[in-house]
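# Descriptive structure summary
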Amino acid sequence: MVRTRELNILISDGTDNCINQETFMDLRIKFHYAIRKKLKTVILTINSSGGDVFSGIAIIDSIRELQFNNIHVVGKVVGLAASMSVFILQACDERIIGQNSWLMLHGPTHSSIGDVDIQETTVELDLLKKLAEQFSEFMSSKTHKELEYWKNKLTSKCYEFI
């Protein structure tokens, strides 16, 4: 009998309701384990409403590290992959979406509460534009859709269920 060498990891909202620095650190430990053990496959089971953009980018970079170490990464959606978790899914080598599962996508967002500093807001808007451009290029490289398609999707003000 041949045993596959794989690791199953769940990305789920849990009590925090988002992808955050804690999620990243937890995954990083598990990814390093997979690299040390020279596993062949990591399966990321995703049921998440999304979360922090920069924690998500760190997870994507960590997935690339797995791939650099010849580990095949499978993303499997059960329930919902929304917002940042859609981009994490796209970083995987193989993507599986359950028959009754959903994807929800939108561009990067930001909100302010209280007194608003115009200069600070301008800097934050520039950052959002750069992130939308980066994610558009990323999605275009991972799908059969052109860059302009993703630019339009990720700069519109709507949330889209796929």
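Above: the structure in question.
Before going into details, it helps to say that this report is about the structure given with it. (Residues numbered from 1 in each chain as written. Predicted model: local features only at pLDDT ≥ 70, side-chain atom pairs only at ≥ 80, totals over all residues. Heavy atoms only, no water.)

With that out of the way, let us pick up the overall build of the protein. Helix and strand counts for the protein stand at five helices and six strands. Mapped in sequence order, the helices and strands of the protein form the string β-α-β-α-β-α-β-β-α-α-β. Burial analysis of the protein (162 residues in total) assigns 40% to the buried set. For the protein, the proportion of contacts with a sequence separation of at least 24, taken over those separated by at least 6, is 70%. With an accessible surface of roughly 10,000 Å², the protein has 53% of that area assigned to carbon and sulfur atoms. (Helix = DSSP H or I, 4+ residues; strand = E, 2+ residues; numbered from the N terminus. Buried < 20%, exposed > 50% of the residue type's maximum accessible area, 1.4 Å probe, protein only. Contact = heavy atoms within 4.5 Å. Areas by Shrake-Rupley, 256 points an atom, 1.4 Å probe, with all protein chains shown as cover.)

Next up on the list: the environment of Val78. On the secondary structure map, Val78 appears in strand E3 (residues 72–82). Considered as a pair, Val78 and Ser101 are 23 residues apart in the sequence and their alpha carbons are 5.7 Å apart.

Before going further, it helps to spend a moment on the nonpolar core. Within the largest apolar cluster, 35 residues are counted, with the highest numbers of intra-cluster contacts made by Leu44, Ile63, Phe87 and Phe135. Here this core gets seven residues from one element, more than from any other, and that element is helix H2 (residues 53–68). If we skip the residues at most four places from it in the chain, Ile63 touches Phe31, Leu44, Val73, Ile88, Ala91 and Cys92. (Core = buried A, V, L, I, M, F, W, Y, C linked by side-chain atoms within 4.5 Å.)

Moving on: the side chain of Ser55. Within the secondary structure layout, Ser55 lies in helix H2. A relative accessible area of 2% places Ser55 in the buried class. With residues near it in sequence (within four places) discarded, Ser55 still touches Ile19, Asn20, Gln21 and Phe24.

So, about the pattern of salt bridges. Summed over all chains, the structure comprises three salt bridges. Between Glu65 and Arg28 there is a salt bridge; the shortest N-O distance is 2.6 Å. Placement of Glu65 in helix H2 and of Arg28 in helix H1 (residues 21–36) is noted, with a sequence separation of 37 residues between them. Looking at Glu65, the relative accessible area reads 27%, which means it is partly exposed. (Salt bridge = Lys/Arg side-chain N within 4 Å of Asp/Glu carboxyl O.)

Per the counting criterion, the structure on display carries zero aromatic pairs. Between Lys145 and the ring centre of Tyr149, over which it is positioned, the NZ or CZ distance is 4.8 Å. (Phe/Tyr/Trp six-rings, centres within 6.5 Å; stacked < 30°, edge-to-face > 60°. Lys NZ or Arg CZ within 6 Å of the ring centre and 35° of its normal.)

Despite not being glycine, Lys38 has its phi angle at roughly 55°, a positive value. We classify Lys38 as exposed; its relative accessible area is 62%. Phi at Asn70 takes a positive value of approximately 60°, unusual for a residue other than glycine. As for its placement among the helices and strands, Asn70 is situated in the loop between H2 and E3.

Looking now at the environment of Lys30. Mapped onto the elements of the fold, Lys30 is located in helix H1. Taking the C-alpha atoms as reference, Lys30 lies 9.5 Å from Val42; in sequence the two are twelve residues apart.

Running from amino to carboxyl end, H1 crosses H2 at an angle of 5°, the nearest separation of the two axes being 9 Å. One way to sum up the angle between H1 and H2 is to call them roughly parallel. Where H1 approaches H2, its residues Gln21, Thr23, Phe24, Leu27, Arg28, Phe31, His32, Ala34 and Ile35 are matched on the opposing element by Ser55, Ala58, Ile59, Ser62, Ile63, Glu65 and Leu66. For the contact of H1 with H2, a count of residues per class yields nine nonpolar, five polar and two charged. (Axes fitted to C-alpha atoms, helices over the stretch in contact; angles between N-to-C directions. Parallel < 35°, antiparallel > 145°, perpendicular 65-115°, else oblique. Nonpolar A, V, L, I, M, F, W, Y, C, P; charged D, E, K, R; others polar.)

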